[in-house]
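Chain by chain, the residues:
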Amino acid sequence: MTSLRFVFLFLLISFSASAQKDYKLWLQYNTVTNPTVASQYKSNLKGIVVLGNSETIRIAEKELKTGFSDMLGNIPEIKSEVKGEYNIIVGSQSNLNAEIKNELQSDFDKINNEGFIIKSISIKNKKQIVITGKNDVAVLYGVFHFLRILQTNKSVKNLNIADSPKTNIRILNHWDNLDRTVERGYAGFSLWNWQKLPDFIDQRYIDYARTNASIGINGTVLTNVNANALILTPQYLEKVEALANVFRPYGIKVYLTARFSAPIEIGSLKTADPKDPEVMNWWKNKSAEIYKRIPDFGGFLVKANSEGQPGPQNYGRNHVDGANMLADAVAPFGGVVMWRAFVYSEHDANDRAKQAYTEFQPYDGKFKENVIVQVKNGAIDFQPREPFHPLFGAMPKTPLMMEFQITQEYLGFSTHLVFLPKLFQEVLESDTYQKGKGSTVAKVVDGTLYQNKLTGIAGVANIGNDLNWTGHPFAQANWYGFGRLAWNPYLDSEVIAEEWLRSTFSNDENFIKPVKDMMIESREAVVNYMTPLGLHHIMDTGHHYGPGPWVSNLSRPEWNPTYYHKADKNGIGFDRSKSGTNAVSQYAPEVANLFDNLETCPEKDLLWFHHVSWDYKLKNGQTLWNGLALKYQEGVNQVREMQNVWNKAEKYVDSERFNEVKMLLEIQHKEAKWWRDACLLYFQQFSGKELPERVEKPTQTLEYFKSLKFPFAPGNG
Ligand code: GCW
């Protein structure tokens, strides 16, 4: 009996130890096992001096202690003042002594308010490391960066870092509903337990804030853009206030989605017309009420007149009227309005890809100073690959923020391993040519192209209450990578992958190299087995799970996959060239010509811009049909290769996470084959051609694939 109990206890402890690894994300703080590295750390890090006493500084101190004790096995001596050498001095500029302040003056000149300095200095011939910034949150960012140096086993000698975020608003968008379901969420239910708030503070809120701070995220929109006005009632605002209080010391501001019709729904007004004085007043009072509770409230995110959401157009007004009215309401308190440009209409027979530009571009320069227009990375909707949105660079007098989707609505939910920073980087590096060569999307987003003061990057969160936060252990890397790119949109995705792997799993080079390559390749793999050569929006309908290129019966034409691929006997693809819908004309001439011309259009975007025949010759000499089929096969092969790589990683990874990823890769492989077979069988009806030899034969019929139904697929509101 006793021994049984012992075994049980042992199992329980070992279970929770490895489950904790999943939960701890990239803040594992694994013991430094390399003896050379460990001894360098120990000889350079002997004391800690923490200056200041805000809650934020206490958090920074605790983080350092946890990091040191977990990674090095002991906490350096805590000192109340700088004595001896090899101390880490942690505190904001105003708390440093005059000598150190002087020493760092030129570094302080280089950083902005949220930037930090990590520097090895010598004072009175004594070596010290200083972690500082202009305020305590910046110091906290510096502490996390310093711990990342340890986590990735880099040297702590001669440190000389001055780093600032390149964007102001680095924000997660939670599409979380008040009933805790998450629209397009694949990692369980919403973290926000509205029922128990404000009195019950779940430890997860604190861990969420800490994790975001570790990558410099400084804002969170708690609620779905398909908004519910109830969040703006006192009953809920009290709960929001409780969350804001938890997040504040971590430098995270809370934002809410504003349902445009709220004045009617919760304010008993007859209208929500943005030009109606009563409506304007209602929003002013509502804002004042929110700021009374939450003085650093960030502002509103709005989806208006899009996919059935109410908006100014319901009253014959336009997006500018709506955005500016809300902007006036929050302006006295320093708030911002993030107004989404994701609009398209069933009454508009125009190419859907053109509609947001057509509607928003003419508004350039018309928005109030505290409005920022939030634009999705591509003109349709978060597909595995889209050319960059033509609005980027086309509104020089309007701040535009990027909206990426971290949750994998169209990229295999939380069962497919896809490293999204590769996709994000591709978009950010794209050259808009709007101010000549080198006018990249990143420069629009960080404000350097047009000297915008207000800048930002939003990511639709992939976080839920699953034990591992994101459903797939590797989806954690997408949250991490989003944060890193929001801080610095010029970072290389390989660098991000490597940082994440080292912090999350292991510093063993034999592990890092192949697994990093696998992550980098994973983005192209999903493009290949879902939508190669520029195909898009051919997933099944509603829930968006799995292939559905045959779907053609939805009420709105532009919801049907057949609208997008236009496969027929003559060929396949959407003609957006000058002889087609002329969507290319929304880009700068250099880009427009590149996409317009079949010779120069990148093959990865071919069927996005052109309808070509099944016999069209690809650059590698293959016909389009054969090339397409081979791409689908290549995607499946790539997943198989990912499985091989992962199987070899077993000895570097704890068994729980190893097995989770292994099982998930098996699902991904199965689903990659499903995509390949279903799409090729369907398109074959039009091409009338045999599959090339190297493509595996489908094991099911097209009818079978069409018959699959998933009424309870997750995330479908
Ligand atoms: O991608 C589509 C999603 C909707 C989402 C919408 C949007 C929140 O399928 O679920 O609604 O985009 O971005 O507003």
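Residues numbered from 1 in each chain as written. Predicted model: local features only at pLDDT ≥ 70, side-chain atom pairs only at ≥ 80, totals over all residues. Heavy atoms only, no water.

The name given to the protein chain in an unreviewed UniProt entry is Xylan alpha-1,2-glucuronidase, with the source organism recorded as Flavobacterium phragmitis. Word for word, the UniProt comment on the protein chain under Sequence similarities (unreviewed entry) is "Belongs to the glycosyl hydrolase 67 family." The protein chain has a UniProt comment under Subunit (unreviewed entry) that states "Homodimer." (UniProt positions renumbered as here; feature names shortened; annotations may be inferred.)

Caption draft 1: Geometry of the site of the ligand. What surrounds the ligand is a group of 15 residues, the closest being Glu183, Lys303, Lys376, Asp381 and Glu409. A distance of 2.7 Å separates an oxygen atom of the ligand from a polar atom in the side chain of arginine 340. A distance of 3.4 Å separates an oxygen atom of the ligand from a polar atom in the side chain of tyrosine 410. Here the ligand has 340 Å² of accessible area as a free molecule, and 97% of this is covered by the chains. Of the residues belonging to the shell around the ligand, the class tally is 4 nonpolar, 3 polar and 8 charged. (Near = heavy atom within 4 Å. Polar contact = N/O pair within 3.5 Å; in protein donor to acceptor, adjacent residues only side chain to side chain. Areas by Shrake-Rupley, 256 points an atom, 1.4 Å probe, with all protein chains shown as cover. Nonpolar A, V, L, I, M, F, W, Y, C, P; charged D, E, K, R; others polar.)

Caption draft 2: Just the sheet that holds strand S5 (residues 126-133), in detail. Taken in spatial order, the 6 strands make up an open sheet running S2-S1-S3-S5-S4-S6, and their pairing is mixed. Among the strands making up the open sheet, the edge pair consists of strand S2 (77-79) and strand S6 (160-163). Strand-to-strand, the axes of this sheet are offset by a mean angle of 25°, without reference to chain direction. As paired strands, strand S3 (residues 87-90) and S5 are joined by 4 bridges and run parallel to one another. Following the sheet pairing, isoleucine 88 is matched in S5 by isoleucine 129. (Pairing = 2+ DSSP bridges. Helix = DSSP H or I, 4+ residues; strand = E, 2+ residues; numbered from the N terminus. Axes fitted to C-alpha atoms, helices over the stretch in contact; angles between N-to-C directions.)

Caption draft 3: Local environment of unusual backbone geometry. The omega torsion of the bond from leucine 197 to proline 198 falls at 5°, within 30 degrees of zero and hence cis. You can see proline 198 is positioned in the loop between strand S7 (169-173) and helix H7 (203-214). A positive phi angle, close to 50°, is found at tyrosine 29, a residue other than glycine. Checked against the element boundaries, tyrosine 29 lands in the loop between helix H1 (2-23) and helix H2 (35-44). Using a relative accessible area of 3% as the deciding quantity, one classes tyrosine 29 as buried. One non-glycine residue, glutamate 307, lies in positive phi territory at about 50°. Mapped onto the fold, glutamate 307 is located in the loop between strand S10 (299-302) and helix H11 (319-330). (Buried < 20%, exposed > 50% of the residue type's maximum accessible area, 1.4 Å probe, protein only.)

Caption draft 4: Representation of the domain arrangement of the protein chain within the structure. Under the domain assignment used here, the protein chain contains domain 1 (21-163), domain 2 (169-495) and domain 3 (528-574 + 611-707). Inter-centroid distance (C-alpha atoms) of domain 1 to domain 3 is 49 Å. (Domains from an automatic or database assignment.)

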